[in-house]
Amino acid sequence: MSTKILVVEDDPNIGALVRTYLRRAGYEPIWVRSGEEALVELRRHPIGLVLLDIGLPGIDGFEVCRRIGGRTAVIMLTARDEEPDRVAGLELGADDYVPKPFSPRELVARVKAVLRRAAQPAATGDVSSVGPLTLARGSREVRVDGQEVELTQREFDLLEYLLRHAGQVVTRDQLLESVWGFLAAGETRTVEVHVAQVRKKLGHPELIKTVRGLGYKASAG
Ligand code: CA
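Residues numbered from 1 in each chain as written. Predicted model: local features only at pLDDT ≥ 70, side-chain atom pairs only at ≥ 80, totals over all residues. Heavy atoms only, no water.

Caption draft 1: Up close: the overall build of the protein. Per the secondary structure count, the protein includes eight helices and twelve strands. For the protein, the residues scored as buried account for 48% of the 221 residues in total. For the protein, restricting intrachain contacts to residue pairs at least 6 apart in sequence, the fraction spanning at least 24 positions comes to 53%. Only carbon and sulfur atoms are counted for the fraction: they give 49% of the accessible area of the protein, which is about 10,600 Å². (Helix = DSSP H or I, 4+ residues; strand = E, 2+ residues; numbered from the N terminus. Buried < 20%, exposed > 50% of the residue type's maximum accessible area, 1.4 Å probe, protein only. Contact = heavy atoms within 4.5 Å. Areas by Shrake-Rupley, 256 points an atom, 1.4 Å probe, with all protein chains shown as cover.)

Right, dumping it as structure tokens:
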């Protein structure tokens, strides 16, 4: 059975193009043109991933993303020059964003990368800790001073990678490749937004240090 991908896009040209490419890649696209229809389809079928336009008639992409609440992987489709939109989408728990205009091939590559990560079996039960922070891979639990911290899947993966390399400098490109599963020039802002979110949630920004010009380092000292 092929994976169902919900395409939420009111632009008929983009919707048709995306549907064609997803079919060619072996997926089963379900195309709707409004947020309301998207929510109906999400209840009706097991959806593997949602491709979500932001500007929609009726409820917008942000609201749909908020209602999905991290239960289904989401890639937001954003118009260029919509930096605040992009940041807001990632903060709402979107797994990725693709700026318009996009190449359909690249979009399919992003879809594959997000689905691959979502399908990964739970890692080993190893626990990593740095200072007051502990991360359990098996249960995907993160605690600071014993208090559980709620992270999105992507934020957890990012923190997990940093802790696996605790004490070492990890570059933004390394994070993009390992956590997002692709390398693209100019995408480092995505990493920065996620790191800022994780720091905020941990309440201990010093645990993830910025190493100027290089990247990040998780360390207690
Ligand atoms: Ca639109």
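Caption draft 2: Structural detail: the sheet that holds strand β8 (residues 141-144). Taken in spatial order, the four strands of this open sheet run β6-β7-β8-β9, and their pairing is antiparallel. Looking at strand neighbours, the two that pair on one side only are β6 (127-130) and β9 (147-149), the edges of this open sheet. Between one strand axis and the next, the sheet turns by 25 degrees as a mean value, whatever way the strands run. Helix-sheet contacts for helix α6 (residues 153-164) involve β6, β7 (133-136) and β8, and the interaxial angle to β7 is about 110 degrees. (Pairing = 2+ DSSP bridges. Axes fitted to C-alpha atoms, helices over the stretch in contact; angles between N-to-C directions.)

Caption draft 3: Summary view of the coordination of the calcium ion. Summarising the metal site, the calcium ion is bound by the protein donors D10 (OD), D53 (OD) and G55 (O), whose distances to it range over 2.1 to 2.3 Å. With a relative accessible area of 5%, D53 lands in the buried category. (Donors = N, O, S within 2.8 Å, 3.2 Å for Na, K, Ca; no water.)

Caption draft 4: Representation of the packing of aromatic side chains in the model. All chains considered together, the criterion is met by zero aromatic pairs. Across the ring face of Y21, the terminal group of R24 is positioned such that the distance to the ring centre comes to 4.8 Å. Geometry around W31 places R33 over its ring, the cationic atom sitting 3.8 Å from the centre. (Phe/Tyr/Trp six-rings, centres within 6.5 Å; stacked < 30°, edge-to-face > 60°. Lys NZ or Arg CZ within 6 Å of the ring centre and 35° of its normal.)

Caption draft 5: Structural context of the sheet that holds strand β12 (residues 215-218). Read across the sheet, three strands follow the order β10-β12-β11 without closing on themselves; strand pairing throughout is antiparallel. Only two strands of the sheet have a single partner each, and these edge strands are β10 (170-171) and β11 (208-211). With two bridges connecting them, β10 and β12 associate as antiparallel partners. In the sheet register, V170 faces β12, and the bridge partner there is Y216.

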